[in-house]
Protein chains: 2
Amino acid sequence: MKSGELSFTEENYLKAIYSLSERSVSFDTSTNEIAERLRTKPPTVSDMLKKLTAKKLIAYEKYKRVQLTKSGRQIAIQIVRKHRLWEVFLHSTLKFSWDEVHEVAEQLEHIHSEELITRLEKFLGYPKFDPHGDPIPSAEGELEDGKRINLSEVENGTNCQVVGVMDSSTPFLQYLEQIDIAIGTRLKVVGKIEFDGSMIIQIKKKPQFTVSKKFSENVMVTA
Amino acid sequence: MKSGELSFTEENYLKAIYSLSERSVSFDTSTNEIAERLRTKPPTVSDMLKKLTAKKLIAYEKYKRVQLTKSGRQIAIQIVRKHRLWEVFLHSTLKFSWDEVHEVAEQLEHIHSEELITRLEKFLGYPKFDPHGDPIPSAEGELEDGKRINLSEVENGTNCQVVGVMDSSTPFLQYLEQIDIAIGTRLKVVGKIEFDGSMIIQIKKKPQFTVSKKFSENVMVTA
DNA sequence: AATTAAAGTTAGGCAAATCTAACTGTTTTG
DNA sequence: CAAAACAGTTAGATTTGCCTAACTTTAATT
Ligand SMILES: [Mn+2]
Ligand SMILES: [Mn+2]
Ligand SMILES: [Mn+2]
Ligand SMILES: [Mn+2]
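Notes on the structure in this doc start here. One numbering rule holds for all chains: residues counted from 1, following each sequence as written. Numbering of ligands from 1 and lettering of chains from A proceed in the order in which they are written. Two thresholds apply to this predicted model, a pLDDT of at least 70 for residue-level local features and 80 or more for giving and counting side-chain atom pairs, whereas whole-chain, interface and lining totals are computed over all residues. Derived side-chain values reflect all non-hydrogen atoms in the structure, with water molecules and hydrogen atoms excluded from consideration.

Concerning the sheet that holds strand S3 (residues 148–150) of chain B
All names here are of chain B. What counts is decided by this rule: Pairing between strands is defined by DSSP: at least two bridges between the two strands are required. Here a strand is any run of E in DSSP of at least two residues, a helix any run of H or I of at least four, and the numbering for each starts at the N terminus. Axes, fitted as lines to C-alpha atoms, cover a helix only where it is in contact. Angles between the N-to-C directions of the axes lie from 0 to 180 degrees.
Across the sheet, which stays open at both edges, the six strands sit in the order S3-S8-S4-S5-S6-S7 with antiparallel pairing between neighbours. On the outer flanks of this sheet lie S3 and strand S7 (209–211), each paired with one strand and no other. Taking the axes of each pair of neighbouring strands and ignoring which way they run, one obtains an average angle of 50 degrees across the sheet. Note that strand S4 (residues 159–165) and strand S8 (residues 219–222) share four bridges and pair antiparallel.

Side note on the sheet that holds strand S5 (residues 186–192) of chain A
Residue and element names in this part refer to chain A. Heads up, the condition is: We call two residues contacting when some pair of their heavy atoms lies within 4.5 Å.
Taken together, the six strands give an open sheet; going across it, the order is S3-S8-S4-S5-S6-S7, and neighbouring strands pair in antiparallel fashion. Where the open sheet ends on each side, the last strands, each with one partner, are strand S3 (148–150) and strand S7 (209–211). Ignoring strand direction, the axes of neighbouring strands in this sheet form an average angle of 50 degrees. Along the sheet face, helix H7 (residues 170–178) touches strand S4 (159–165), S7 and strand S8 (219–222) and points at about 150 degrees away from the line of S4.

What about the interface of chain B and chain A?
Operational definition: Here the quantity called buried area is the accessible surface, traced with a 1.4 Å probe, that two parts lose on coming together, added over both. For this analysis, a salt bridge means a side-chain nitrogen from Lys or Arg found within 4 Å of a carboxyl oxygen belonging to Asp or Glu. Whenever a nitrogen or oxygen atom comes within 3.5 Å of another N or O atom, the pair is scored as a polar contact, on the condition that within protein one atom can donate a hydrogen and the other can accept it, and that pairs from neighbouring residues in sequence are kept only if both atoms are in side chains.
Between chain B and chain A, the contact holds 23 residues from the first and 22 residues from the second. Buried area between chain B and chain A, both sides added, is near 1800 Å², and the carbon and sulfur share of it is 69%. The largest contributions to the chain B side of the interface with chain A come from B:Leu94, B:Gln107 and B:Arg119, which together make up 29% of the buried area. The tally of links between chain B and chain A comes to two salt bridges. Our count for the contact surface shared by chain B and chain A stands at eight residue pairs in polar contact (both at pLDDT 80 or more). Elements that contribute at least two residues to the side of chain B that touches chain A include exactly helix H4 (70–93), helix H5 (101–108) and helix H6 (114–123) of chain B.

Observations regarding the protein's contact with DNA strand D
This is how the line gets drawn: Throughout this document, a residue counts as near a molecule or strand when at least one of its heavy atoms sits within 4 Å of that molecule or strand.
Among the 21 residues in the neighbourhood of DNA strand D, the closest are listed as A:Ser7, A:Thr44, A:Lys51, B:Ser46 and B:Tyr60. Looking at DNA strand D alone, sugar and phosphate atoms form 77% of those within 4 Å of the protein. In the environment of DNA strand D, a phosphate oxygen lies 3.2 Å from a nitrogen or oxygen atom belonging to the backbone of A:Lys41. Contacts to DNA strand D include A:Asp47, whose side-chain N or O atom sits 3.3 Å from a base nitrogen. Looking at the surface near DNA strand D, the elements with two or more residues in it are helix H1 (8–22) and helix H3 (42–54) of chain A together with helix H2 (31–37) and helix H3 (42–54) of chain B. Among the elements that make up the surface near DNA strand D, the one with the highest residue count is H3(A) (five residues).

Focus on the nonpolar core
The cut-off we apply is this: What makes a nonpolar core is a set of buried Ala, Val, Leu, Ile, Met, Phe, Trp, Tyr and Cys residues whose side-chain atoms join them at distances within 4.5 Å. When a residue's accessible area, from a 1.4 Å probe over protein chains only, is under 20% of the maximum for its type it is buried; when over 50% it is exposed; and in between it is partly exposed.
With 34 residues, the main nonpolar core has A:Leu90 and B:Leu90 as its most contacted residues. Apart from residues lying up to four places away in sequence, B:Leu90 is in contact with A:Leu116, B:Lys95, B:Phe96, B:Val101, B:Val104, B:Ala105 and B:Leu108.

Considering the coordination of the manganese ion (ligand 2)
Residue and element names in this part refer to chain A. Spelled out, the test is: Sites may look incomplete, because water is not among the atoms used; the donor set itself consists of N, O and S atoms within 2.8 Å of the metal (3.2 Å for Na, K and Ca).
At this site the manganese ion (ligand 2) is bound by Asn12 (OD1), Glu106 (OE), Glu109 (OE) and His110 (NE2), with donor distances of 1.9 to 2.4 Å. All donors of the manganese ion (ligand 2) come from a single chain, and their spacing in sequence reads N-x93-E-x2-E-H. On the basis of relative accessible area, Glu106 is assigned to the partly exposed category, the value being 25%.

Quick notes on the pairing of strand S5 (residues 186–192) of chain B
Put simply, side chains in a regular strand alternate between the two faces of the sheet. All names here are of chain B. Alignment of S4 against S5, held across three bridges, turns out to be antiparallel. In the sheet register, Cys160 faces S5, and the bridge partner there is Leu187. Taken together, the four bridges between S5 and strand S6 (residues 199–202) define a ladder with antiparallel strand orientation. Residue Lys192 lies in a different strand from S6, and its bridge partner there is Met199. Linking S5 to S6, which pair antiparallel, is a turn of six residues; within it Gly197 sits at a positive phi near 75 degrees.

Concerning the coordination of the manganese ion (ligand 3)
All names here are of chain B. Binding of the manganese ion (ligand 3) to the protein goes through His83 (NE2), Glu87 (OE) and His102 (ND1), at separations of 2.0 to 2.2 Å. Sequence spacing of the donor residues for the manganese ion (ligand 3), all on one chain, is H-x3-E-x14-H. Within this pair, His83 and its partner Glu87 are both found in helix H4, separated by four residues, close to a single helical turn. Taking relative accessible area as the criterion, Glu87 reaches 1% and is therefore assigned buried.

A look at the side chain of B:Glu121
All names here are of chain B. Mapped onto the elements of the fold, Glu121 is located in helix H6. At a separation of 3.0 Å, a polar atom in the side chain of Glu121 contacts the side chain of Arg81. When near neighbours in sequence (up to four residues on either side) are disregarded, Glu121 contacts Arg81, Leu85, Tyr126 and Pro127.

A look at the protein's contact with DNA strand C
For clarity, the threshold we go by: Ten residues, namely Ala, Val, Leu, Ile, Met, Phe, Trp, Tyr, Cys and Pro, are considered nonpolar, four, namely Asp, Glu, Lys and Arg, are considered charged, and the remaining ones, Gly among them, are considered polar.
Not every one of the 21 residues close to DNA strand C is listed here, only the nearest: A:Ser46, A:Tyr60, A:Lys62, B:Ser7 and B:Lys51. Between DNA strand C and A:Thr31, the relevant distance is 3.1 Å, taken from a phosphate oxygen to a side-chain nitrogen or oxygen of the residue. Contact distances for DNA strand C include 2.6 Å between a phosphate oxygen and a side-chain N or O atom of B:Thr44. Elements with a contribution of two residues or more to the surface near DNA strand C: helix H2 (31–37) and H3 of chain A together with helix H1 (8–22) and H3 of chain B. A total of five residues in the surface near DNA strand C trace back to one element, the largest contributor, which is H3(B). Within the surface near DNA strand C, the residues separate by chemical class into eight nonpolar, eight polar and five charged.

Here it is, written out as structure tokens:
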């Protein structure tokens, strides 16, 4: 790759560190978490953390947790932006189904061309969300933060709309499809079971059904 | 990359060997030619030739010239197919100008997904030529031999490539040379004059110029 | 507080892709 | 045909990304 450009691998590390950090209170993550996420081994991660530190993309000290620097975070967000725009393209333009887009976007997100993304975004009509309901960062790295909450936090008797998932694995997405839940689906929480946190929900006028706590924790909704 | 998949680099070598071989009578090429094409050094090429031989993608013996095997050729053609389809996408869909598309296509051609190309091709309406007028191989690797037609039959706005002449007289050939047209020259028909069948054509970014009907009837092109 | 468990790093090695310098094989040509 | 010129390969080094095994540091638990 051209000088100044990051390798596929470096980009994947930044993206992993970004998404793992975002879900922690202190906006940081650890060697082992990164290793698990990238299906690699801790020593490999250790090596890369040194390299990313040298490039000033992360703030990191031996044995301590890792945080993205401002510039590392900007780059990570741009990769997320590319990933999600490509997912929209694959779904809306090329008619891939939901659960097929991620793998290919994982490759496309590493194409280096500002102009390409600018034009792609325009062609797609400046979408704000990807096919899984996740927000698409702007060219400036701004992330619209909708008031998305976990389905598991929704009160009894409340209506809400599905806007995203925490888990993008094929089994989960297939289960969602099976029970007819997709991005945009409106549903009502009609009951909760204290014992195990299961939730009874209803879509439109269809029969009610029960989902596990694990399920409701992996679905994001807006109230 | 997944096992069985070729690396970026291997794919670029196959593509280079393919296009260099195609232009030779014996359908082969040499270490130095490849090195020059890929802006690398001969020892680097030597190494890769060994590797590609082991994978049975080329037929090669030390100090001899290189030829693609059947399977190597098929792979090379698929990369060319991807490259050209992406160029159409960049030009027709994203409105890149035709001289901007190549560099980005050079990256996109290495995305691994059959399904992606199948759907992209469908979305683009099964184009037969890329923005430079080069033919797009079919999914089966068939390369339209570009049926030779008379330049005078070419539609407005179409790119074509000069492949022969009807008249081989010295005056005609001298005229061709004078206006910088030779076998292989790519040109675009930018207008036609009803009155006398004259044709306005353009080569690359040079100024347009007009040729007579008698001229265009004596030039053979592939669409 | 001392011990154990876990998290994380070094050490050392390997494969891919690249380079320069030095060598060998092939071709051209006086 | 012998010498020079050219083409091509081998040797040895470097960088990146990855691994296992062994070690060190930090955290948790008794
Ligand atoms: Mn995704
Ligand atoms: Mn990726
Ligand atoms: Mn091209
Ligand atoms: Mn390429």
